[in-house]
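Coordinates in review
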Amino acid sequence: MAGGYSFDFHPDDPNMYLVGTEEGLIHKCSCSYSEQYLDTYIGHTGAVYGVHWSPYVGNVFLSCSSDWSIRLWTQGRPNPVLTFHSSTKAVHSASWSPSSSTVFACVNEGSVEIWDLSESTLDPVIINAPVVNVKLTTVLFAKNSECLLVGDNGGQVTVFQLKGMPELPGGSSQADVLNKVIETTLTSQLRAACN
């Protein structure tokens, strides 16, 4: 049995939670069934430092790992839908934006990255290396303002003001926008597998 590094309770079901392990697995668990895992997700090759349910789509979650990657998952699929490569450094923390379903931030040891999946699934839209001689360890979007909080191994918290955060396309819900990104990715993967 591997040790757990991170966990997150489901936003709509307080009995269900995810656990990221040191061996790179993610387990979906229930407070009602403590003897077994409900599901196991396989994809990381290093310790999973963070798991986070999407605040907009109840079956979607992110994970970040010492294997230099962030992965987007959906319940019912044991493998990731998308894999994002940060750099050649461990990704210590990731956080969903509270104002846009396709935006998340992550920190590796040397930089803060903001990804917008409606713009690109290959590269972050912003990379910032704010301070030398410290390792960034945690990131969190403020819930009531356009700010990003970043913690480091020196105990300091830096607050970044965000400007120009993406607007929701007219007539779409947050869930629709993220689900469209996932659907487009799965369709591309299916086409590639058939060719």
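All figures in this text were calculated on a predicted structure; none of them were measured in a lab.

**Notes on the sheet that holds strand β2 (residues 16-21)**
- The strand order β1-β2-β3-β4 describes an open sheet built from four strands, whose pairing is antiparallel. Strand pairing shows two members of the sheet lacking a second neighbour, β1 (4-9) and β4 (39-41), which therefore form its edges. Ignoring which end each strand starts from, the neighbouring axes of this sheet average 25 degrees apart.
- Relative to β4, strand β3 (residues 26-30) is paired through three bridges, and the arrangement is antiparallel. Its bridge partner being in β4, Lys28 is matched across the sheet by Asp39.

**So, the state of the cysteines**
- Tallying each qualifying case throughout the model produces zero disulfides.
- Lacking any disulfide linkage, Cys64 is separated from the closest cysteine sulfur, that of Cys106, by 7.6 Å.
- The exposure class assigned to Cys106 is buried, which follows from its relative accessible area of 0%.

**Considering the pairing of strand β11 (residues 112-116)**
- Of all five residues in β11, five are buried, a share of seventy percent or more.
- As paired strands, strand β10 (residues 103-108) and β11 are joined by five bridges and run antiparallel to one another. Following the sheet pairing, Val103 is matched in β11 by Asp116.
- Between β10 and β11, which pair antiparallel and follow one another directly, the connecting turn spans three residues.
- By the bridge criterion, three bridges tie β11 to strand β12 (residues 126-128) in an arrangement that is antiparallel. Each residue of the ladder has a partner; that of Glu113, found in β12, is Ile127.

Analysis parameters
- Residues numbered from 1 in each chain as written.
- Predicted model: local features only at pLDDT ≥ 70, side-chain atom pairs only at ≥ 80, totals over all residues.
- Heavy atoms only, no water.
- Pairing = 2+ DSSP bridges.
- Helix = DSSP H or I, 4+ residues; strand = E, 2+ residues; numbered from the N terminus.
- Axes fitted to C-alpha atoms, helices over the stretch in contact; angles between N-to-C directions.
- Disulfide = S-S within 2.5 Å.
- Buried < 20%, exposed > 50% of the residue type's maximum accessible area, 1.4 Å probe, protein only.

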